[in-house]
Amino acid sequence: MTEQPFPLAGVIGQPVAHSRSPALHGFWLKRAGIRGYYIPMEVSQADLEQAIRTLPKLGFVGVNVTIPHKERALALADVVTDRAALIGAANTLIFRRDGKIHADNTDGYGFMENLRLGAPSWRPEAGPAAVLGAGGAARAVLASLLDAGVGEIRLSNRTRARAEALRAEFGSRVRVFDWVQAGNMLEGVKLLANATSLGMTGKPELRVPLDALEQDAVVTDLVYTPLDTPLLQKARKIGCTTIDGLGMLIHQAVPAFERWFGARPEVDGETRKVLLNA
Ligand code: NAP
């Protein structure tokens, strides 16, 4: 591997223009006084393997991986963390000095940190959690909630078969509910997480009725455009503690930045402001 005078990292995906990661890492690099760069790179599926094998030779210390490359990146890695294997996808690659590609997934970590800081009194053993969605983000949420010790996770997804597949994989602590009955699963839950893309700018609204939700529940939305989603607004009216998705986005980036650049970035109001303006 060529020694470079300044470390390079970036994000590979297709599309990648929407990513806020360059603004985030760029801000942290500047604040830490590190002469490094974080670059968005549009890479097609056909070019993925070649890109991953070439980047270390160009001085890259690692990359984030986004849609649609997360599963393939995991398969191409030489070393895989337990949490990435459990989630079945990689969002962070570290190019090691010995030439090996190390794959991690920090989405679950970001989700839990955001939850821990946004609702300090929430406890995994407090009661059932409900998760909407069965895509990549939902996998990370399920894996991290189960790992934290949540005893029961009620899961609902438009395509029921995808939720059933997650139950088969993650075990009997996951209970699947039909999408048209998702509102019924909210009775008695202490946590509700939206891991669908519903409610996102340009997507349909999330129409799951919240009548059964009690005010001691914590509600978090992974969607962060808009920041204050209709789900969070409705949950606040009930009296629930709400947590927006921007914190997850920021926290998932912390372990990657630390591994690549050797300094742990601080997550603070200034960091949020940079992302909100990105
Ligand atoms: P994904 O793998 O494409 O999954 C999308 C999910 O949304 C699936 O469960 C899908 O259900 C559901 N969905 C989409 N359109 C729907 C509709 N019209 N009606 C009902 N359900 C619908 O995406 P992902 O990577 O999991 O991401 C999901 C969301 O989380 C996105 O908004 C993403 O931006 C956000 N996210 C945020 C963070 C963060 O750091 N805050 C991190 C990761 C993801 P089907 O299975 O039926 O298609």
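Rules used throughout
- Residues numbered from 1 in each chain as written.
- Predicted model: local features only at pLDDT ≥ 70, side-chain atom pairs only at ≥ 80, totals over all residues.
- Heavy atoms only, no water.
- Helix = DSSP H or I, 4+ residues; strand = E, 2+ residues; numbered from the N terminus.
- Rg over C-alpha atoms; globule rule 2.2 N^0.38 Å.
- Contact = heavy atoms within 4.5 Å.
- Areas by Shrake-Rupley, 256 points an atom, 1.4 Å probe, with all protein chains shown as cover.
- Core = buried A, V, L, I, M, F, W, Y, C linked by side-chain atoms within 4.5 Å.
- Buried < 20%, exposed > 50% of the residue type's maximum accessible area, 1.4 Å probe, protein only.
- Near = heavy atom within 4 Å.
- Polar contact = N/O pair within 3.5 Å; in protein donor to acceptor, adjacent residues only side chain to side chain.
- 1 Å grid on protein atoms, 1.4 Å probe; cavity = no way out; pocket = protein on both sides within 12 Å on 5 of 7 lines; lining within 4 Å.
- Sits in = over half its atoms within 2 Å of the grid points.
- Pairing = 2+ DSSP bridges.
- Axes fitted to C-alpha atoms, helices over the stretch in contact; angles between N-to-C directions.
- Points joined across faces, edges and corners; volume = space filled by probe spheres on them.
- Nonpolar A, V, L, I, M, F, W, Y, C, P; charged D, E, K, R; others polar.
- Domains from an automatic or database assignment.
- Parallel < 35°, antiparallel > 145°, perpendicular 65-115°, else oblique.
- Left-handed = near helix turned anticlockwise from the far one by under 90°.
- Buried area = accessible area lost by both parts, 1.4 Å probe.
- Salt bridge = Lys/Arg side-chain N within 4 Å of Asp/Glu carboxyl O.
- Expected span 1.5 Å × (residues − 1).

Trainee: Hey, could you run me through the overall build of the protein chain in this one?
Mentor: Across its full length, the protein chain holds 10 helices and 12 strands. Relative to the 2.2 N^0.38 estimate, which gives 19 Å for 278 residues, the radius of gyration of the protein chain is 19 Å and therefore close to what a compact globule would have. Expressed as lengths along the three principal axes of its C-alpha atoms, the size of the protein chain is roughly 60 × 40 × 35 Å. Counted over contacts in the protein chain with a minimum sequence separation of 6, partners at least 24 positions apart contribute 67%. Surface accessibility of the protein chain: about 12,800 Å² in total, with carbon and sulfur atoms responsible for 51%.

Trainee: Looking at this structure, how should I read the nonpolar core?
Mentor: Soluble globular proteins tend to bury their nonpolar side chains together. The biggest cluster of nonpolar side chains holds 32 residues, and the ones touching the most others in it are F111, L115, W122, V131 and L145. For this core, the elements supplying multiple residues, two or more each, are helix 5 (107–118), strand 7 (129–132), helix 6 (136–148), strand 8 (153–156), helix 7 (160–170), strand 9 (174–177) and strand 10 (191–194). No other element matches helix 6, which puts 7 residues into this core. Apart from residues no more than four positions distant in its own chain, L115 is found in contact with P120, W122, L145, L191, V218 and I243.

Trainee: Mind showing me how you'd approach the site of the ligand here?
Mentor: The environment of the ligand is formed by 21 residues, the closest being A137, N157, R158, T159 and R162. G136 is positioned such that a nitrogen or oxygen atom in its backbone is 3.1 Å from an oxygen atom of the ligand. Relative to its unbound accessible surface of 920 Å², the ligand loses 78% to contact with the protein. Cavity membership is defined here by more than half of the atoms lying within 2 Å of grid points; on that basis the ligand lies in the largest pocket. Contributing elements (two or more residues each) for the shell around the ligand: helix 6 and helix 9 (246–261).

Trainee: Help me out: how do you make sense of the sheet that holds strand 6 (residues 101–104) in this one?
Mentor: Whether parallel or antiparallel, the strands of a sheet pair through hydrogen bonds between backbone atoms. Strands sit in the order 2-1-3-5-6-4 across an open sheet of 6 strands; the sheet is mixed. The sheet terminates laterally at strand 2 (37–42) and strand 4 (79–80), the two strands that pair on one side only. Both strand 1 (residues 8–13) and strand 3 (residues 60–65) contribute to a ladder of 5 bridges, which runs parallel. Residue pairing across strands places G10 opposite V63, the latter belonging to strand 3. Its contacts with the sheet put helix 1 (residues 21–32) on strand 1, strand 2 and strand 3, and the angle it makes with strand 2 is roughly 165 degrees. Where helix 9 meets the sheet, its contacts fall on strand 1, strand 2, strand 3, strand 5 (92–95) and strand 6, and the angle it forms with strand 3 comes to roughly 165 degrees.

Trainee: Looking at this structure, I do not really get the layout of surface pockets. What am I missing?
Mentor: One simple way to see leftover space: roll a probe sized like a water molecule over the atoms. Roughly 1,500 Å³ of volume is contained in the largest pocket. I67, K70, A137, S197 and M200 are, among the 44 residues lining the largest pocket, the residues nearest its centre. Listing elements by their share of the lining of the largest pocket, those giving two or more residues are strand 3, helix 3 (70–76), helix 6 and helix 9. Here the lining of the largest pocket is built from residues that sort into 20 nonpolar, 17 polar and 7 charged. Summarising the domain contributions, the lining of the largest pocket has at least three residues from each of domain 1 (8–105 + 252–276) and domain 2 (108–244).

Trainee: What is the right way to read the packing of helix 5 against helix 6 from this model?
Mentor: Look at helix 5 against helix 6: their axes get within 8 Å of each other, and the N-to-C directions meet at 60 degrees. As far as their axial angle goes, helix 6 and helix 5 are oblique. The two elements helix 5 and helix 6 meet at a crossing, and its hand is right-handed. For the pair formed by helix 5 and helix 6, the contact residues are D107, G108, F111, M112 and L115 on the first element and A140, V141, S144, L145 and A148 on the second. For the contact of helix 5 with helix 6, a count of residues per class yields 7 nonpolar, 2 polar and 1 charged.

Trainee: Looking at this structure, how should I read the domain arrangement of the protein chain?
Mentor: Accessible area lost on assembly of the parts is the figure often given for the size of an interface. Assigned domains within the protein chain: domain 1 (8–105 + 252–276) and domain 2 (108–244). When each unit is reduced to the centre of its C-alpha atoms, the spacing between domain 1 and domain 2 is 26 Å. For domain 1, the biggest contributors to the area lost against domain 2 are R20, L86 and I87; these three give 48% of the whole. Between domain 1 and domain 2 we count 1 salt bridge in total. We note a salt bridge from R272 to D244, for which the minimum N-O separation is 2.8 Å. Here domain 1 and domain 2 share 3 residue pairs in polar contact (both at pLDDT 80 or more) between them.

Trainee: I'm lost on helix 1 in this one. Help?
Mentor: Along an α-helix, residues three or four positions apart point the same way, because every turn accommodates 3.6 residues. Across its 12 residues, helix 1 extends 16 Å between first and last C-alpha, which sits within 8% of the 16 Å expected from 1.5 Å per residue. For helix 1, every residue scored as buried is listed here: S21, P22, L24, H25, F27, W28 and L29. Where helix 1 is buried, its residues meet strand 1, strand 2, strand 3, helix 9 and helix 10 (269–276). Just downstream of helix 1, G33 is the residue with a positive phi angle, here 70 degrees.

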